[in-house]
Amino acid sequence: FNDLVMMPCYRWNRSVVVPEGHSLIAIAQAAGGLTLTDLAAEDIVTYVFGFTGRSRLDDSFDQAGLTPNVVFTATDTDVIKTYVRLGVGVGIIATMALDPAVDGDLVVLDASHLFQPSVTHIGFRRGTFLRRYMYDFIHWFAPHLDRQRVDAAAACATRAEREALFAEVTLPSR
């Protein structure tokens with residue numbers, strides 16, 4: 001998207017969610033963590049391809065020479081969790097989408113060692129006049145994106161220049 005100025009905000013990774021008593025819980029505890037082979041043997045409910053870092057998930061399986069058995073996809077994490085509760089499959093979702101107050105009936109299994117983290121970006125169309133409240137919102141959403149850094153990103157002529165601008169920034173994790 002050459003007409004967009006995209007700036008990195010934070011890193012995030014995934015967890016596997018299963019209902020209480022699922023066999024993956026014992027496997028994860030006995031083996032010291034899940035493997036992609038463990039997940040490839042399960043029916044998987046996850047995000048639609050191209051949405052929410054799904055390509056990272058597919059890349060991990062491809063590199064391991066495995067094909068995930070994705071039986072249902074959705075753009076909404078709550079839909080994925082509902083299908084997990086209904087027994088359709090195990091869910092692979094963004095860890096930050098878990099709410100202990102609402103999701104206490106699901107068991108969360110760490111999957112950060114299986115998948116590369118994804119990065120959430122915020123962007124605007126090149127040439128947009130940014131008003132003060134826009135700068136304020138960007139800074140609130142990603143505190144490392146102050147007005148000076150946003151202006152510097154907008155001034156970059158290429159994506160490579162923008163990536164170099166953020167190369168030394170340590171992104172928070174969520």
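Preceding this paragraph is the structure being described.
An account of the accompanying structure is given in this report.

Cut-off values and rules
Residues numbered from 1 in each chain as written. Predicted model: local features only at pLDDT ≥ 70, side-chain atom pairs only at ≥ 80, totals over all residues. Heavy atoms only, no water. Helix = DSSP H or I, 4+ residues; strand = E, 2+ residues; numbered from the N terminus. Buried < 20%, exposed > 50% of the residue type's maximum accessible area, 1.4 Å probe, protein only. Areas by Shrake-Rupley, 256 points an atom, 1.4 Å probe, with all protein chains shown as cover. Salt bridge = Lys/Arg side-chain N within 4 Å of Asp/Glu carboxyl O. Phe/Tyr/Trp six-rings, centres within 6.5 Å; stacked < 30°, edge-to-face > 60°. Lys NZ or Arg CZ within 6 Å of the ring centre and 35° of its normal. Contact = heavy atoms within 4.5 Å.

Let's shift gears to the overall build of the chain. The secondary structure content of the chain amounts to seven helices and seven strands. With respect to the three principal axes, the spread of C-alpha positions in the chain is 55 × 35 × 25 Å. Split into buried and exposed, the 174 residues of the chain put 39% on the buried side. Total accessible area on the chain stands at roughly 9800 Å², and carbon and sulfur atoms take up 54% of it.

Let's shift gears to the pattern of salt bridges. Enumeration according to the criterion identifies six salt bridges in this entry. Between Asp3 and Arg125 there is a salt bridge, and its shortest N-O distance comes to 2.9 Å. In this pair, Asp3 sits in the segment before strand 1 (4-12) while Arg125 sits in strand 7 (residues 118-125), placing the two residues 122 residues apart along the sequence. Asp3 sits in the partly exposed class, given a relative accessible area of 36%. With a shortest N-O distance of 2.9 Å, Arg159 and Glu163 are connected by a salt bridge. With Arg159 and Glu163 both in helix 7 (residues 159-165) and four residues apart, this pair spans about one turn of that helix. Residue Arg159 is classed as exposed on the basis of its relative accessible area, which comes to 61%. Here the salt bridges share partners, and the residues they tie into one network are Asp78, Lys81, Arg85, Asp103 and Asp105.

Topologically, Thr73 is positioned in strand 4 (residues 69-74). Classification of Thr73 as partly exposed rests on a relative accessible area of 33%. In this structure, the C-alpha to C-alpha distance between Thr73 and Thr46, residues 27 residues apart in sequence, is 5.1 Å.

Moving on: the packing of aromatic side chains. In total, this model carries five aromatic pairs according to the counting rule given. For the ring pair Phe137 and Phe141, a centre distance of 6.0 Å and an interplane angle of 15° mean the geometry is stacked. One end of the pair is Phe137 and the other is Phe141, both in helix 5 (residues 132-141) and four residues apart, which spans about a single turn. Residue Phe137 is classed as partly exposed on the basis of its relative accessible area of 43%. Under the relative-accessibility criterion, Phe141 is labelled partly exposed at 21%. Every member of this aromatic cluster is reached through a ring pair, and the members are Tyr10, Phe137, Trp140 and Phe141. Between the NZ or CZ atom of Arg174 and the centre of the ring of Tyr10, over which it lies, the distance is 4.0 Å. Above the plane of the ring of Phe141 lies Arg174, whose end atom (NZ or CZ) is 5.7 Å from the centre.

What follows is about the environment of Leu109. Residue position: Leu109 is located in strand 6 (residues 106-110). Discounting residues that sit within four places of it in the chain, Leu109 has contacts with Ser15, Val16, Val18, Leu24, Ile25, Ala28 and Leu34.

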